[in-house]
Amino acid sequence: DETDRVLALREASRVVKPGGFVYAAAISRWAPRLDGMLMERTHLKYPAIADWIASAETTGVMPPVHQTSFNGYAHRPQQLAHEVAASGLHLDSLVSVEGIAFALGDLQARLDDPDERALLLETLRVTESVPELLGTGPHLLAVCQKLQ
C-alpha cells in the first residue's frame, strides 16, 4: 500500500548521503493492458487478466495472472511523484523507461540501422518526460535526490 511504498522511499533517503540519488522504478498503471494484453497477448494464455484489468487500471492493484505469478501495484505517474514528495526526497525527473519503443515489433532492426536508431533514440528523448505520455510505457523511473 501507499504507506509501505513511502516508507521504503524514506528508508532509501535515510541511507543515502546528502546530495545522493535514489532511483525508484514503478510499473505504469496501463502496463498490464498495453504490454501484457495488447503486446504479449497474456489474456490468451491467462484469461483471468481480462477479469481484473479494469479494476487494476482504477486501483493499481495487480493480482497474480496465474498461480505462480507475482502480485503488484501499478502507478499513475503523478502518484509516483506524490509518493516521492511524501518521502521527503526531491524529484529531479520522472520518465517513461521504454516509452512507446516497447510496442515496436521491429525494434532490433531499427536499432541495427544507424539512421533508424538515431531517430528512435531522439524520439524517446523528446517524449520520455512529457507528462501526458508517461503512462504509455510499461515502466516509470523517478530520479530523486536527498537535498539535506
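These numbers come from a predicted model, not from an experiment. Going along each chain's sequence as written, the residues are numbered from 1 onward. Predicted model: local features are reported for residues with pLDDT of at least 70 only, side-chain atom pairs are reported and counted for 80 or more only, and whole-chain, interface and lining totals are derived from all residues. Processing note: side-chain calculations cover all non-hydrogen atoms of the structure and skip hydrogens and water entirely.

Draft legend 1. Quick look at the overall build of the chain. Of the regular secondary structure elements, the chain holds seven helices and five strands. Secondary structure elements in the chain, listed N-terminal to C-terminal, are α-β-α-α-α-β-β-α-β-α-α-β. Seen along its three principal axes, the alpha-carbon backbone of the chain occupies a region of about 45 × 45 × 25 Å. For the chain, the proportion of its 148 residues judged to be buried stands at 34%. Two residues qualify as a contact provided that any one of their heavy atoms is within 4.5 Å of a heavy atom in the partner residue. At a minimum sequence separation of 6, the contacts of the chain that also span at least 24 residues come to 70%. Values of accessible area rely on a 1.4 Å probe in the Shrake-Rupley scheme; residue burial ignores everything except the protein chains shown. For the chain, the exposed area adds up to about 8,900 Å²; of that, 58% sits on carbon and sulfur atoms. Within this scheme the basic residues Lys and Arg register as positive and the acidic residues Asp and Glu register as negative, but His and the chain ends are omitted. For this purpose, a charge sits on NZ of Lys, CZ of Arg, CG of Asp or CD of Glu. Across the chain, the centroid of the 13 positively charged side chains sits 6 Å from that of the 19 negatively charged ones. Only DSSP runs of H or I covering at least 4 residues are called helices, and only runs of E covering at least 2 are called strands; the numbering of each starts at the N terminus. Exposure is judged per residue with a 1.4 Å probe applied to protein chains only, and the accessible area is read against the type maximum: over 50% gives exposed, under 20% gives buried, and values in between give partly exposed.

Draft legend 2. The packing of helix H2 (residues 31–39) against helix H4 (residues 48–59), seen in detail. Where H2 contacts H4, the axes come no closer than 10 Å and their chain directions differ by 155°. By the angle between their axes, H2 is roughly antiparallel relative to H4. Residues Pro 32, Arg 33 and Met 37 of H2 lie in contact with H4, whose contacting residues are Ile 49, Ala 50, Trp 52, Ile 53 and Glu 57. Residues are grouped as follows: Ala, Val, Leu, Ile, Met, Phe, Trp, Tyr, Cys and Pro are nonpolar; Asp, Glu, Lys and Arg are charged; every other residue, Gly included, is polar. When its residues are assigned to classes, the contact of H2 with H4 shows six nonpolar, no polar and two charged. Fitted lines through C-alpha atoms give the axes, limited to the stretch in contact for helices. The angle between two N-to-C directions lies from 0 to 180 degrees. An angle below 35 degrees is treated as roughly parallel, one above 145 as roughly antiparallel, one from 65 to 115 as roughly perpendicular, and anything else as oblique.

Draft legend 3. Inspection of the nonpolar core at higher detail. Among the nonpolar cores identified, the biggest contains 14 residues, and Leu 80, Val 84, Leu 89, Leu 94, Leu 140, Ala 142 and Cys 144 are the most heavily contacted of them. Looking at this core, the elements that each hand over two or more residues are strand S1 (21–28), helix H5 (77–86) and strand S5 (139–145). In this view, Ala 142 contacts Val 22, Tyr 23, Ala 24, Leu 80, Val 84, Leu 91, Ser 93 and Leu 94; residues no more than four positions away in its chain are not counted. Nonpolar cores were defined as sets of buried Ala, Val, Leu, Ile, Met, Phe, Trp, Tyr and Cys residues, with membership established by side-chain atoms within 4.5 Å. With eight residues, the next largest nonpolar core counts Ile 49, Ile 53, Ala 56 and Met 62 among its residues.

Draft legend 4. Local environment of the side chain of Ser 96. One can find Ser 96 in strand S4 (residues 90–96). The term polar contact refers here to a pair of N or O atoms within 3.5 Å; inside protein, the definition further demands a hydrogen-donor-capable atom paired with an acceptor-capable atom, and it admits residues adjacent in sequence only when both atoms are side-chain atoms. One polar contact links the side chain of Ser 96 to the main-chain amide nitrogen of Gly 99, over a distance of 3.2 Å. Setting aside anything within four residues of it in sequence, one finds Ser 96 in contact with Glu 128, Leu 134, Gly 137, His 139 and Leu 140.

Draft legend 5. Structural context of unusual backbone geometry. Even without being glycine, Arg 41 reaches a positive phi, approximately 55°. Along the chain, Arg 41 falls in the loop between H2 and helix H3 (42–45).

Draft legend 6. Molecular detail of the pairing of S1. Pairing geometry for S1 and S5, over seven bridges, is antiparallel. Note on S5: the bridge partner recorded for Tyr 23 is Val 143. Strands pair, by our definition, only if DSSP identifies at least two bridges between them. In this structure, S1 lies alongside strand S3 (residues 72–75), joined through two bridges in parallel fashion. Along S3, the bridge assignment pairs Ser 28 with His 75.

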